[in-house]
Amino acid sequence: ERSLADPDLRAEARASVRNRCFRALAARYEVLGHRADLDAAIRQVEEAVREDEGADEAITNLALALRSRGRPADLDRAIERIEERPDSAGPAGPVLLVNHAVLLHTRYVRSSSSGRGLADISRAAESAELAVRTATVLDHRVQALLIRGELAVCQIEAGSTPGPKDPRWAAASASFDDAATL
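Please read all numbers here as calculations on a predicted model, not as lab measurements. (Residues numbered from 1 in each chain as written. Predicted model: local features only at pLDDT ≥ 70, side-chain atom pairs only at ≥ 80, totals over all residues. Heavy atoms only, no water.)

A.B. asks: How should helix H1 (residues 7-32) be read in this particular structure?
C.D. replies: Helical geometry note: an α-helix holds 3.6 residues per turn, so side chains three or four residues apart project in the same direction. The terminal C-alpha atoms of H1 lie 37 Å apart, and with 26 residues this matches the ideal 38 Å at 1.5 Å per residue to within 8%. If you follow the buried residues of H1, they end up packed against helix H2 (35-50) and helix H3 (55-69). Following H1 by one or two positions, Gly33 has its phi on the positive side, about 75 degrees. (Helix = DSSP H or I, 4+ residues; strand = E, 2+ residues; numbered from the N terminus. Expected span 1.5 Å × (residues − 1). Contact = heavy atoms within 4.5 Å.)

A.B. asks: Explain the nonpolar core here, please?
C.D. replies: Nonpolar side chains tend to gather and get buried jointly when the protein is soluble and globular. Among the nonpolar cores identified, the biggest contains 41 residues, and Leu103, Ile147 and Leu151 are the most heavily contacted of them. Of all the secondary structure elements, the ones that give two or more residues to this core are H1, H2, H3, helix H4 (72-84), helix H5 (93-110), helix H6 (117-134) and helix H7 (138-158). A total of 8 residues in this core trace back to one element, the largest contributor, which is H5. Once residues lying within four places of it in the same chain are set aside, the contact partners of Leu103 are Ala63, Arg67, Leu75, Ala78, Ile79 and Ile82. (Core = buried A, V, L, I, M, F, W, Y, C linked by side-chain atoms within 4.5 Å. Buried < 20%, exposed > 50% of the residue type's maximum accessible area, 1.4 Å probe, protein only.)

A.B. asks: Got a minute to help me understand the packing of H3 against H5 in this structure?
C.D. replies: Working note: a packed helix pair is described by the angle between its axes plus the distance between those axes. Direction vectors running N to C along H3 and H5 enclose 15 degrees, while the axes themselves pass 10 Å from each other. With respect to each other, H3 and H5 are oriented roughly parallel. Note on packing geometry: the crossing formed by H3 with H5 is left-handed. Of the residues in H5, those in contact with Asp56, Ile59, Thr60, Ala63, Leu64 and Arg67 of H3 are Val95, Leu96, Asn99, Val102, Leu103, Thr106 and Arg110. (Axes fitted to C-alpha atoms, helices over the stretch in contact; angles between N-to-C directions. Parallel < 35°, antiparallel > 145°, perpendicular 65-115°, else oblique. Left-handed = near helix turned anticlockwise from the far one by under 90°.)

Right under this line is the structure:
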């Protein structure tokens with residue numbers, strides 16, 4: 001039996017409390033739109049990431065909250081935080097990979113005039129593909145397939161030969177079909 005004297009149990013409890021605080025603040029931000037709630041939610045998960053408490057979940061929450069804030073520097077920071085994780089093959093790997101793909105896609109959409117636009121889409125497609133291959137939870141696989149399909153469409157639109165003759169249309173269509181049949 002574990003006791004509260006166990007440092008691992010205390011760390012798990014702190015991570016759980018921070019995660020619940022984050023969710024409450026993020027939900028209140030979604031409903032009321034008060035930026036202070038989003039900023040407080042970000043501070044909660046930044047602390048958890050710094051202390052490595054529930055790090056994969058905290059990084060996911062941090063990345064999504066930073067994306068919601070909408071500042072380019074926050075988006076860059078969210079991408080960097082996910083890329084700092086040493087192991088994308090762990091249990092949370094597919095979720096982190098999907099979020100990485102979504103963040104790169106968001107940065108591409110928001111700043112496609114920058115020089116890194118196509119590189120972001122290529123990196124996002126790689127993350128989505130790896131997420132599709134490694135996802136064992138059905139919901140994670142569906143999310144990965146959907147973002148992979150969306151990214152294929154972006155690559156087609158950004159390429160020099162957009163249209164149905166581009167072989168990537170088949171890949172995009174297959175991703176959406178696979179997600180629909182799961």
